[in-house]
Amino acid sequence: MRDDTPSDDPTGLDLPRLRTLLDRLNETLGPPADGLAPLLDQQTLAELSRLTRALEARAAEPALNQQAYRAIIDSSDDAIIGKALDGTITSWNTGAERIFGYGAAEALGQSIRIIIPPERHGEESTILARIAAGERVDHFETVRCHKDGHLIDVSATVSPILDENGQVCGASKIARDITARKRTDAELAKYRQHLEAMVEERTAALSVAKEAAEAANRAKSSFLANMSHELRTPLNAIIGLSELALRGAHEPRLRDQLVKIDRASQHLLGVINDVLDISRIEADRLVLEQTHFRLGEVLENFSSLVAHRAAEKGLLLRVILAPEIARLALHGDPLRLSQILINFAGNAIKFTEHGGITVRVHLAEEGERDVALRFEVQDTGIGIAAADRDRLFNAFEQADASMTRKYGGSGLGLAISKRLVELMGGQVGVDSEEGRGSTFWFVLRIGKGQESALPRARHASEAAEQRLRQHCRGMHVLLVEDEPINQEVSRELLQLAGLRVSVAANGAEAVEAALRGRYDLILMDMQMPVLDGPSATREILARLGEQAPPIVAMTANAMASDRQCCLDAGMRDHITKPINSRLLFAKLLQWLLPAAEADSGENGNEATESPATDIGLHDIDGLDPDAALYQLGGNSELYLRVLAQFAADHASSPQRIANALAAGDRNGAQRRAHSLKGVASQAGAGRLRSLAERVEHDIRDHAPGLDASLVELGDHLSQLITALQHHLPPS
């Protein structure tokens, strides 16, 4: 029975069945006949017919597959080329025609060298050799020729073709035209090179600009340093000689003229310092001090510096500071804090004609390690229009340009104050209404200090000149100064303090003098002929070693870099001209006193304090013995007599003022308040002076708060006189 199940072969070809049919034919047929049809049954004929069609279909398959492969190859944009091992082209697709310009009819049978530039023939020989060895050459970039002669950049891969025995019989090459990509790469490379050239050019230009800016900055710093030196040198003479003349002047008109010279000089010095400060701040060269201090002492010093300026305009200065805040031990920069307050108060005094100035300090917040303090300086002056407030803190600005002429000033004070507050990490601002006064304020967060680290108040406030006379009289100072006027001023001040003075006119003379003689201290100028101060200092220290006396710079060079130059040379300290006599004496005391105590066997805890210290006057609240002693030329005996006379004559002053008011004698009451104010100033009683001044103004202005002011004056005077009676020696 025959199996008629259809074959699984897609062509319908069943080989076993075909073999069976052929066997049957061989059995049936003998010699060849003219036809097979009469010899076969219908079923066999049908089967043969089907098998014939299947065989024909199978025979046509390679042709169909070849056409499909050809269609795929021709659809590629890449050139696909077949070649024999001798380089003869055996196949060439349409991609090759497009890339190289040769048609298939032109290329087939030709050597592959038709598309290879002559200089690349060696490259092709190497590739064919590698192919013959069975290697594949992947993705190499090279150059080929178009039919019209122009060159083409290609990326090619060449693979070996194997025959039925696995032997290499040819090569298949796929090549992609990368000319456009190469052109783009070249353009990008050119653009990159152009950018790099531009960057280099710009960098060079920036470098030149940077060098120019640095040179300009150095020139500016040099100019400021030189101008500071040139201005401070004559100022030192003016201020120093005025002070010396004032010490010996007794005629009122002459004293008044000398005081005016001194104030004008101090004003000019303030402008110079402002210019230097703003330049330091802009150059980020201002360094804040970090030291322990008590806030009350800063406010007391501030009050002593500005009270007389307010009084000269008939203004009342009030400082409102709670005792617990005044006693705060803080850690920061008291000098810059005082500078801000002085700038604000000076500005308030300048623009206020009537009324007064009130300074308040509030504790805004207290942390474990710091406190936030709000400082306010309120005035009753002209006020500031809203449109002018935004630019008020700009350098060289005032609310109105005309004010510079009317009120004077450089316009730097508020700008410097704002920068200082910001350097300290605080905020600053102003509340004002035109015609109704202004309140300038700032908030600072200041670290808490340590009580044990605070300087001993009595040493900080003692009259240095008096202590120099008592402790250091006869000690030998070498003054190194080339300017004759400065020599005269400095020598006179040093001699007033009881010191022996030798003078050297330049650094070379200073070295010679230091090697020849014995000195307790050397005051060294910086800029001098022959040998400058830093060079002379190095020479002295190198020659004398540990035997060299302390060397302190005393120079008109006031820049931070100048100070550092002095310290780098080995100097121990720096005093800036014009010479402030109190600062000079304090520095002299600092460097001479240890040697004096060592020589005399003093231990520093005993002996020779000034009379003011001996009897504890510095412990009296509201009394500043130093300020009074300075006005009296350091004469402690005279100061004690003034205090005794004050306590005896003015204990009943508030009652006398009240009696005069009750009798309707307002002028007499005002005169008594004015007299008390003057005596309080001479005694160093700053707060009493301010209270007396307030009473004087209240009487003049018929102020409703007069009674309260008078009571406050009486209470404070009573406490002060009680303390004086306790401390003053019996007459």
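Keep in mind the model is a prediction, meaning the values are calculated, not measured. (Residues numbered from 1 in each chain as written. Predicted model: local features only at pLDDT ≥ 70, side-chain atom pairs only at ≥ 80, totals over all residues. Heavy atoms only, no water.)

S.K.: Hey, could you run me through the sheet that holds strand S13 (residues 476-480) in this one?
M.R.: Whether parallel or antiparallel, the strands of a sheet pair through hydrogen bonds between backbone atoms. The five strands are arranged S14-S13-S15-S16-S17 in an open sheet whose pairing can be described as parallel. At either margin of the open sheet sits one strand with a lone partner, and together these are strand S14 (500-504) and strand S17 (573-576). In this sheet, adjacent strand axes meet at a mean angle of 25° when their direction is disregarded. One ladder, built from five bridges, connects S13 with S14; its direction is parallel. Note that in S14 the partner of Leu 478 across the bridge is Ser 502. Most of the contacts of helix H17 (residues 507-516) go to S13, to which it runs at about 160°, and overall it touches S13, S14 and strand S15 (521-524). Helix H18 (residues 533-544) rests against S15 and strand S16 (551-555) of the sheet, and its axis sits at about 155° to S15. (Pairing = 2+ DSSP bridges. Helix = DSSP H or I, 4+ residues; strand = E, 2+ residues; numbered from the N terminus. Axes fitted to C-alpha atoms, helices over the stretch in contact; angles between N-to-C directions. Contact = heavy atoms within 4.5 Å.)

S.K.: What is the right way to read the sheet that holds strand S5 (residues 168-177) from this model?
M.R.: Across the sheet, five strands lie side by side as S2-S1-S5-S4-S3; this open sheet has antiparallel pairing. What marks the edges here is a single partner per strand, and that holds for strand S2 (89-92) and strand S3 (137-145). Taking each pair of neighbouring strands and ignoring which way they run, the sheet shows an average axis angle of 30°. Bridging between S3 and strand S4 (residues 151-162) involves seven bridges; their strand directions are antiparallel. When the sheet's bridge partners are listed, Thr 142 is paired in S4 with Val 154. Here helix H5 (residues 121-132) sits on the sheet in contact with strand S1 (79-84), S3, S4 and S5, set at roughly 150° to S3.

S.K.: What exactly am I supposed to notice about the pairing of strand S9 (residues 356-366) here?
M.R.: Regular strands place side chains that alternate from one sheet face to the opposite one. Across six bridges, the pairing between strand S7 (residues 316-321) and S9 is parallel. Its bridge partner lying in S9, Leu 321 is registered against Val 361. Linking S9 back to strand S10 (residues 370-379) in an antiparallel pair, the connection comprises three residues.

S.K.: What am I meant to see in the packing of aromatic side chains here?
M.R.: In this description, an aromatic ring pair is defined by two values, namely the gap between the centres and the angle between the planes. All told, the structure shown has four aromatic pairs when counted by the stated rule. Residues Trp 92 and Phe 100 carry aromatic rings whose centres are separated by 6.0 Å and whose planes lie at 45° to one another, so their mutual orientation is tilted. Assessed through its relative accessible area of 0%, Phe 100 is described here as buried. Seen from their ring centres, Phe 375 and Phe 442 are 4.7 Å apart, and the 10° between their planes marks the pair as stacked. Remark: Phe 442 occurs in strand S12 (residues 438-448) and Phe 375 occurs in strand S10; sequence separation between them is 67 residues. A relative accessible area of 0% means that Phe 442 is categorised as buried. (Phe/Tyr/Trp six-rings, centres within 6.5 Å; stacked < 30°, edge-to-face > 60°. Buried < 20%, exposed > 50% of the residue type's maximum accessible area, 1.4 Å probe, protein only.)

S.K.: What exactly am I supposed to notice about unusual backbone geometry here?
M.R.: Note on backbone geometry: most residues besides glycine have negative phi, and most peptide bonds are trans. The backbone phi angle of His 139 is positive, close to 40°, even though this residue is not glycine. Given a relative accessible area of 62%, His 139 falls into the exposed group. You will see that His 702, though not glycine, has its phi angle at about 55°, which is positive. Relative to the elements of secondary structure, His 702 occurs in the loop between helix H26 (686-701) and helix H27 (706-727).

S.K.: Explain helix H15 (residues 464-471) here, please?
M.R.: Every α-helix winds through 3.6 residues per turn, so residues three or four apart in the chain are directed the same way. For H15, the tally of buried residues reaches seven of eight residues, placing the bulk of the element in the interior. Along H15, the residues that are buried comprise Ala 464, Glu 465, Gln 466, Arg 467, Leu 468, Arg 469 and His 471.

S.K.: What am I meant to see in the packing of helix H24 (residues 653-662) against helix H25 (residues 666-683) here?
M.R.: The packing of two helices is summarised by the inter-axis angle and the distance between the axes. At a closest axis distance of 7 Å, the pairing of H24 and H25 adopts a crossing angle of 165°. Taken together, H24 and H25 sit at an angle that is classed as roughly antiparallel. Relative to H25, the crossing made by H24 is left-handed. Facing H24, whose interface residues are Ser 653, Arg 656, Ile 657, Ala 660 and Leu 661, H25 presents Arg 666, Gly 668, Ala 669, Arg 672, Ala 673 and Leu 676. Taken together, the residues that form the contact of H24 with H25 break down as six nonpolar, two polar and three charged. (Parallel < 35°, antiparallel > 145°, perpendicular 65-115°, else oblique. Left-handed = near helix turned anticlockwise from the far one by under 90°. Nonpolar A, V, L, I, M, F, W, Y, C, P; charged D, E, K, R; others polar.)

S.K.: What exactly am I supposed to notice about a nonpolar patch on the surface here?
M.R.: On the surface, Tyr 191, Leu 195 and Met 198 cluster together into a nonpolar patch covering about 300 Å² of accessible area. By the secondary structure assignment, Tyr 191 is in helix H6 (residues 179-248). (Patch = residues over 30% accessible without salt bridge, like charges linked within 9 Å, V, L, I, M, F, W, Y side chains within 5 Å. Areas by Shrake-Rupley, 256 points an atom, 1.4 Å probe, with all protein chains shown as cover. Salt bridge = Lys/Arg side-chain N within 4 Å of Asp/Glu carboxyl O.)

Interpretation in functional terms is not warranted from these geometric data alone.
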